[in-house]
Amino acid sequence: MSEPFDPLRYRADFPLLSRRVHDDKPLIYFDNANTAQKPQSVIDAVDGYYRTYNANVARAVHTLGEQATAAYEGARSKLAMFLNANRDQLVLTSGTTQAINLVAYSFALPRLAAGDEILVTQMEHHANIVPWQLVAGRTGATVKAAPIDANGVLDLERFEALLTPAVKLAAVAHVSNVIGTINPVAQIAKLCRARGIPLLVDGSQACPHQRVDLQALGCDFYAMTGHKLFGPTGTGALWARREHLQAMPPFFGGGEMIRTVSFDGTVFADPPHKFEAGTPNIAGFIGLGAAIDYVESVGLDRIQAYEAELLAYATAALDSVPGLRLFGRAPHKAAVLSFLIDGVHAHDVATLLDHEGVAVRSGHHCAHPLMQFFGVPATARASLSFYNTRDEVDAFVRALDKVRRLLA
Ligand code: PMP
């Protein structure tokens, strides 16, 4: 028997979580789907790089350059192990947004023609809609969306029916950033593969909360973000099948991505480097390497089990608040709770909660089509992490009661 999960043990690793706000109230950070807090080991890794071996990667043969390169490439290896992937199939990017845009411009654009379709779902983040619209707009292709039900579950039958020969690429969130739905991506990958349709999975919200095994998943592309995984902002990756990476032309040109350059032509480096022009976010990736070490030391399976418990607790607590409407009740769901209180605007909820020390996000969460589906302009969203506690959920619900009494 492993010992019970104790979030308090881990909270101490995150300096920011002991902050106090608004008249010395303890901060309750429930905006983890937006960005996660960073453990001391990540802060130290970034600090240590700048203090002791700041240098550019790949170009320098001096001691600092070698150390920086080893640490930066070491982070790629850690990320590869973390995702059960090969390191030469991981393109390091500034985040999910850049990863999806790379696929849109380098993979999709040259393959699209008038009448073609890209299939997404109703619950996508704008980062998994707008890049497809941009390349579709240049080619006469269109973007269509598979529907979800009232609980926020993807209608898999309809998704399958929409996978017609016109579809040249499908793109699906692994986990919704708004309603927490965990999509059956392995099943979706099977449906797509049976029809020869490449599948991109937006894993931005999955990696911090569950084990992602890219050998098992069966998709063609997987995009992820480092800052939601307790690493620095401006870090992320695109994983892709080797044959795609080989076939795709570079999207950014410049230094670091070439083998030889002359005015007669350029020979590109092998993947993943041919997609990584210019000086990368060295400090950020060194920090992300430390974040992965940290998450592995806690254990993703334990994180997932604890967060599932905390989600059940928080859902029951929110259901006890009169006039509160919860959006998204998928049976497979991450600890993300989008809600509204009757008669109160989401921004007012978030502002008043902030005064009680509770940080939640309000707005459309970069998911206008999902807001349109629910028929609301915005929601408030509490997104939890393994360092959050039941006591914090209780304090959140007390704060919501106050909001309701003041405004509803
Ligand atoms: N997809 C999803 C589901 C997200 O939640 C986010 C971040 N909110 C993104 C994509 C974009 O990630 P980033 O801004 O880090 O590139």
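Here the structure is a predicted model, which means the values were calculated and not measured.

1. Thoughts on the pairing of strand E12 (residues 265-268)
Here's step 1: Direction of pairing for strand E11 (residues 258-262) relative to E12: antiparallel, over a ladder of four bridges. Bridged to Thr260 within E12 is Val267.
Here's step 2: Hairpin connection from E11 to E12: two residues lie between these consecutive antiparallel strands.

2. What to know about the environment of Glu256
Here's step 1: Relative to the assigned elements, Glu256 resides in the loop between helix H9 (242-247) and E11.
Here's step 2: Residues Glu256 and Val46 lie 210 residues apart in sequence; the distance between their C-alpha atoms is 22 Å.

3. A short note on the packing of aromatic side chains
Here's step 1: Enumeration according to the criterion identifies 22 aromatic pairs in this entry.
Here's step 2: Judged by centre distance (5.3 Å) and plane angle (80 degrees), the rings of Tyr49 and Tyr53 are edge-to-face. Pair check on accessibility: Tyr49 and Tyr53 agree, each one buried.
Here's step 3: Between Phe339 and Phe396, the aromatic rings sit 5.9 Å apart at their centres with planes inclined by 70 degrees, giving edge-to-face as the arrangement. Of this pair, Phe339 sits in strand E14 (residues 336-341) while Phe396 sits in helix H14 (residues 390-407), and the two are 57 residues apart along the sequence.
Here's step 4: Exposure remark for Phe396: the relative accessible area of 2% places this residue in the buried category.
Here's step 5: Grouping aromatic residues by their ring pairs yields a cluster made of Phe5, Tyr10, Phe14, Phe230, Tyr294, Tyr306, Phe386 and Tyr387.
Here's step 6: Note that Arg111 overlies the ring of Phe107, its terminal NZ or CZ placed 3.9 Å from the centroid.

4. Points about the side chain of Arg76
Here's step 1: Within the secondary structure, Arg76 sits in helix H3 (residues 63-82).
Here's step 2: When neighbours within four sequence positions are excluded, Arg76 is seen to be in contact with Arg87, Leu90, Leu92, Pro272, His273 and Glu276.

5. So, the nonpolar core
Here's step 1: Among the nonpolar cores identified, the biggest contains 116 residues, and Phe159, Tyr222 and Phe386 are the most heavily contacted of them.
Here's step 2: Residues lining this core come from more than one domain, with at least three contributed by each of domain 1 (7-30 + 299-407) and domain 2 (44-296).
Here's step 3: Apart from residues lying up to four places away in sequence, Tyr222 is in contact with His174, Val201, Gly203, Ala206, Cys207, Val212, Leu214, Leu217, Ala237, Leu238 and Trp239.
Here's step 4: Counting 27 residues, the second largest nonpolar core, distinct from the first, contains Val120, Leu169, Leu200 and Ala223.

6. Structural notes on the site of the ligand
Here's step 1: What surrounds the ligand is the set Gly95, Thr96, Thr97, His125, Ala127, Asn177, Asp202, Ser204, Gln205, Thr225, His227 and Lys228.
Here's step 2: Take His227: an N or O atom from its side chain is 2.9 Å from an oxygen atom of the ligand.
Here's step 3: For the ligand, a nitrogen atom lies 2.7 Å from a polar atom in the side chain of Lys228.
Here's step 4: Within the complex, the protein chains bury 86% of what would otherwise be the 400 Å² of accessible surface of the ligand.
Here's step 5: When each cavity is represented as a set of grid points, the ligand is found to reside in the largest pocket.

7. A word on the sheet that holds strand E17 (residues 379-383)
Here's step 1: A sheet is described by the order of its strands in space; here four strands give the open sequence E13-E14-E17-E16, paired in antiparallel fashion. Edge positions in the sheet fall to strand E13 (324-327) and strand E16 (361-363), since each of these pairs with one other strand and no more. Strand-to-strand, the axes of this sheet are offset by a mean angle of 30 degrees, without reference to chain direction.
Here's step 2: In this sheet, E14 lies alongside E13 in antiparallel orientation, the contact comprising four bridges. Along E14, the bridge assignment pairs Leu324 with Ile341.
Here's step 3: H14 rests against E13, E14 and E17 of the sheet, and its axis sits at about 20 degrees to E14.

8. Focus on the domain arrangement of the chain
Here's step 1: When cut into domains, the chain gives domain 1 (7-30 + 299-407) and domain 2 (44-296).
Here's step 2: A straight line from the C-alpha centre of domain 1 to that of domain 2 covers 28 Å.
Here's step 3: Approximately 2500 Å² of surface area, both sides summed, lies buried where domain 1 meets domain 2, with 62% of it carried by carbon and sulfur atoms.
Here's step 4: On the domain 1 side of the contact with domain 2, Leu300, Leu370 and Phe373 bury the most area, a combined 24% of that side's loss.
Here's step 5: At the surface where domain 1 touches domain 2, the tally comes to zero salt bridges.
Here's step 6: Elements with a contribution of two residues or more to the side of domain 1 that touches domain 2: helix H11 (300-319), E14 and helix H13 (368-374).
Here's step 7: Here the side of domain 1 that touches domain 2 gets six residues from one element, more than from any other, and that element is H13.

9. Here we look at the layout of surface pockets
Here's step 1: The computed volume of the largest pocket comes to approximately 290 Å³.
Here's step 2: Top element by residues in the lining of the largest pocket is helix H4 (residues 96-108). It accounts for three residues.
Here's step 3: By volume, the second largest pocket is sized at about 190 Å³.
Here's step 4: What lines the second largest pocket is a set of 15 residues, among which Leu92, Thr93, Gln98, Ala277 and Pro280 lie closest to the centre.

About the criteria used
- Residues numbered from 1 in each chain as written.
- Predicted model: local features only at pLDDT ≥ 70, side-chain atom pairs only at ≥ 80, totals over all residues.
- Heavy atoms only, no water.
- Pairing = 2+ DSSP bridges.
- Helix = DSSP H or I, 4+ residues; strand = E, 2+ residues; numbered from the N terminus.
- Phe/Tyr/Trp six-rings, centres within 6.5 Å; stacked < 30°, edge-to-face > 60°.
- Buried < 20%, exposed > 50% of the residue type's maximum accessible area, 1.4 Å probe, protein only.
- Lys NZ or Arg CZ within 6 Å of the ring centre and 35° of its normal.
- Contact = heavy atoms within 4.5 Å.
- Core = buried A, V, L, I, M, F, W, Y, C linked by side-chain atoms within 4.5 Å.
- Domains from an automatic or database assignment.
- Near = heavy atom within 4 Å.
- Polar contact = N/O pair within 3.5 Å; in protein donor to acceptor, adjacent residues only side chain to side chain.
- Areas by Shrake-Rupley, 256 points an atom, 1.4 Å probe, with all protein chains shown as cover.
- 1 Å grid on protein atoms, 1.4 Å probe; cavity = no way out; pocket = protein on both sides within 12 Å on 5 of 7 lines; lining within 4 Å.
- Sits in = over half its atoms within 2 Å of the grid points.
- Axes fitted to C-alpha atoms, helices over the stretch in contact; angles between N-to-C directions.
- Buried area = accessible area lost by both parts, 1.4 Å probe.
- Salt bridge = Lys/Arg side-chain N within 4 Å of Asp/Glu carboxyl O.
- Points joined across faces, edges and corners; volume = space filled by probe spheres on them.

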